[in-house]
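Here is how the chains run, residue by residue.
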Amino acid sequence: MKTLFSPVTAGKLQLDHRVVMAPTTRMRTLQGGIPGDLMTEYYRQRASRGGLLIAEATAVSPFANAYEDAPGIFTDEQQAGWQRLVEAVHARGSQIMLQLWHPGRQSLPELSSGRQPIAPSALIARETYGVVKNKQGAYEGKLFPVPRTLELDEIQLLMDELRQAALRARAAGFDGVELHAANGYLPEQFLLDSSNQRTDIYGGSRENRARFLLESVDVLTDVWGPGRVAVRISPSGIYGDMHDSDPAATFRYLAEQLNRSELAYLHIIEPRIVGPEDREAGHYAEPVASRDLRAFYQGKIIAAGGFKPEDAEDILSKNEADLIAFGRLFTSNPDLPERIRNAYPLAAYNREAFFGGDERGYTDFPTYQPLATKPLLV
Ligand SMILES: Cc1cc2nc3c(=O)[nH]c(=O)nc-3n(C[C@H](O)[C@H](O)[C@H](O)COP(=O)(O)O)c2cc1C
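About the cut-offs
- Residues numbered from 1 in each chain as written.
- Predicted model: local features only at pLDDT ≥ 70, side-chain atom pairs only at ≥ 80, totals over all residues.
- Heavy atoms only, no water.
- Helix = DSSP H or I, 4+ residues; strand = E, 2+ residues; numbered from the N terminus.
- Contact = heavy atoms within 4.5 Å.
- Core = buried A, V, L, I, M, F, W, Y, C linked by side-chain atoms within 4.5 Å.
- Buried < 20%, exposed > 50% of the residue type's maximum accessible area, 1.4 Å probe, protein only.
- Salt bridge = Lys/Arg side-chain N within 4 Å of Asp/Glu carboxyl O.
- Axes fitted to C-alpha atoms, helices over the stretch in contact; angles between N-to-C directions.
- Parallel < 35°, antiparallel > 145°, perpendicular 65-115°, else oblique.
- Left-handed = near helix turned anticlockwise from the far one by under 90°.
- Nonpolar A, V, L, I, M, F, W, Y, C, P; charged D, E, K, R; others polar.
- Polar contact = N/O pair within 3.5 Å; in protein donor to acceptor, adjacent residues only side chain to side chain.
- Expected span 1.5 Å × (residues − 1).
- Bend = angle between axes of the 7 residues up to and from the residue.
- Phe/Tyr/Trp six-rings, centres within 6.5 Å; stacked < 30°, edge-to-face > 60°.
- Near = heavy atom within 4 Å.
- Areas by Shrake-Rupley, 256 points an atom, 1.4 Å probe, with all protein chains shown as cover.

Asks: Would you mind going over the environment of Tyr202 with me for this structure?
Replies: As for its placement among the helices and strands, Tyr202 is situated in the loop between helix H4 (186-191) and helix H5 (206-224). Along the chain, Tyr202 and Pro120 lie 82 residues apart, while their C-alpha atoms are 8.1 Å from each other. Ignoring anything within four residues of it in the chain, the contact list for Tyr202 reads Leu152, Ile155, Phe190, Asn196, Asn208, Arg209, Arg211, Phe212 and Glu215.

Asks: Would you explain the nonpolar core in this entry?
Replies: Grouped burial of nonpolar side chains is what soluble globular proteins tend to show. Core analysis: the biggest nonpolar cluster contains 65 residues, and Tyr43, Leu100, Phe174, Ile324 and Phe326 have the highest contact counts within it. In terms of residues, this core owes the most to one element, H5, which gives 7 residues. Here Tyr43 is in contact with Met21, Thr24, Leu53, Ala55, Glu56, Leu85, Val89 and Ile96, once residues within four sequence places are set aside.

Asks: Explanation requested: the pattern of salt bridges in the structure shown.
Replies: Note that side chains of opposite charge can pair when their charged atoms are close. Taken as a whole and assessed by the stated rule, the structure comprises 18 salt bridges. Its salt-bridge partner being Asp222, residue Arg163 comes within 2.8 Å of it at the nearest N-O pair. One end of the pair, Arg163, is in helix H3 (residues 155-171); the other, Asp222, is in helix H5, with 59 residues separating them in the sequence. With a shortest N-O distance of 3.8 Å, Arg260 and Asp218 are connected by a salt bridge. Within this pair, whereas Arg260 is found in the loop between helix H6 (247-258) and strand E12 (265-269), its partner Asp218 is found in helix H5, the two being separated by 42 residues in sequence. Taking the relative accessible area as the measure of exposure, Asp218 reaches 38% and is therefore partly exposed. Here the salt bridges do not stand alone but share partners, grouping Lys2, Arg294 and Asp322 into one network.

Asks: Would you mind showing me how to read the packing of helix H1 (residues 37-46) against helix H2 (residues 76-91) here?
Replies: For any two helices packed against each other, the geometry comes down to the angle between their axes and how far apart the axes lie. In contact at an axis separation of 8 Å, H1 and H2 are set at 25 degrees when each is read in the N-to-C sense. Looking at the two axes, H1 sits roughly parallel to H2. Considering only the axes of H1 and H2, their crossing is right-handed. Contact residues: H1 offers Met39, Thr40, Tyr43 and Arg44, while H2 offers Trp82, Arg84, Leu85, Ala88 and Val89. In the contact of H1 with H2, the residues fall into 6 nonpolar, 1 polar and 2 charged.

Asks: Looking at this structure, how should I read the environment of Asp200?
Replies: Note that Asp200 resides in the loop between H4 and H5. Overall, Asp200 belongs to the partly exposed group, its relative accessible area being 23%. For the pair Asp200 and Ile340, spaced 140 residues apart in sequence, the C-alpha to C-alpha distance is 50 Å. Here Asp200 is in contact with Leu152 and Asn208, once residues within four sequence places are set aside. From its side chain, Asp200 meets the backbone nitrogen of Tyr202 in a polar contact 3.0 Å long.

Asks: Quick question: what am I supposed to make of H5 here?
Replies: Side chains of residues three or four places apart in an α-helix project in the same direction, reflecting 3.6 residues per turn. Helix length check: H5 (19 residues) gives 27 Å between terminal C-alpha atoms against 27 Å at 1.5 Å per residue, within 8%. At Phe212, H5 shows its maximal bend, which comes to roughly 35 degrees. Downstream of H5 by one or two residues, Gly225 has phi in the positive range, about 80 degrees.

Asks: Before we go on, may I ask you to explain the packing of aromatic side chains in this structure?
Replies: Two measures describe an aromatic ring pair: the distance that separates the ring centres and the angle between the ring planes. By the definition in use, this model includes 10 aromatic pairs. Ring geometry for Tyr67 and Trp101: centres 5.9 Å apart, planes at 10 degrees, overall stacked. Here Tyr67 is found in the loop between strand E4 (52-59) and H2, whereas its partner Trp101 is found in strand E5 (residues 95-101), with 34 residues between them in sequence. The buried category is assigned to Trp101, whose relative accessible area is 1%. Between Phe354 and Phe355 the ring centres are 6.2 Å apart and the planes differ by 85 degrees, which places this aromatic pair in the edge-to-face class. Judged by relative accessible area, which is 6%, Phe354 ranks as buried. The partly exposed category is assigned to Phe355, whose relative accessible area is 40%. Aromatic rings pair up to connect Tyr42, Tyr43 and Tyr362 into one cluster.

Asks: Looking at this model, I keep getting lost on the site of the ligand. Mind explaining?
Replies: Inspection of the region around the ligand gives 18 residues, with Thr25, Arg232, Gly306, Gly327 and Arg328 positioned closest. Between an oxygen atom of the ligand and a main-chain N or O atom of Pro23, the distance comes to 2.8 Å. Here an oxygen atom of the ligand sits 2.6 Å away from a polar atom, N or O, in the main chain of Gly306. When isolated, the ligand has an accessible area of 610 Å², and the protein chains bury 96% of it. Residues that form the shell around the ligand fall into these classes: 8 nonpolar, 8 polar and 2 charged.

Pasting the structure below:
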């Protein structure tokens, strides 16, 4: 029977256990979106033999970012920073994927070389915020402006940017790349009909709306080969002002189409979660979960979203997923796989320290120290 600690092969990734670290934006790069020593230490601490880490959302373009101090992978310095980080993770026997991110309409000009955000259609993400530093150096939320509709011939430029980012990720030594097609970012903006009103081959029918995402996967696979590209989706997500008139059919179509790509895995955020937060009851009319897509997708599935160790074992035993990604629990438990394996207590996370700051609430969570066994008095 599948358990969190039975080995698994996902594409070309051979793993000793199924406790995956979910991608988590922590806004702690050096100036210029460069991973430095602090970030390296964070990931190094969370690496485990035979485990898998998914590195946080990383901008593929100088023209698209939503969070101050989030990383990029479009300059030599960023690539070199990632390379040092990957080496530290590999030295501890873990594998690591990079999450490639284009936020599209969820970009802030202040963080995107002054450019107006681009999107499939000029539709704003209402009540959705990026994060910038103000003059006093404090982080503050900022609403996204109205985006500009992409011209048809600009789509090839986006594919070229993605290809360059994938090449850099490979050169930095990652084990693969995960396309961020969840949480209301660019690939999902094309996919869902609430944000895509195009009338060309990238809009209208479900097939056309999925084209951008599937072409992105083709570009990544062209660079990486089979078994090293993954896709993250949030079929029940509403974060970023997203919705679709028929999510079950849209995501079923997508899952079926992804079968032809020989992915490492399909990463599905479960309906319990909206972006980084737990959802309130009754948020969705039609939730679409891993178990619903299992019937249509033939490869390995990572499920994420609100998992505790017990629910994780439960969903694996029901064969509704193959691996489980943990987000918030990994922030406060650097040795999460060991803690789960030994049923050690889990440390509570510090929400205040999630986005931006220094080592506090980041690299200062200790590994669990079992009480020293007292010598037996005889
Ligand atoms: C601080 C924080 C940052 C996050 N950043 C990302 C990200 O960069 N990319 C992504 O796909 N999801 C991101 N998420 C969502 C998580 O990957 C995950 O889906 C979510 O936290 C639910 O899982 P959990 O209940 O195990 O925390 C983030 C969540 C949190 C709490």
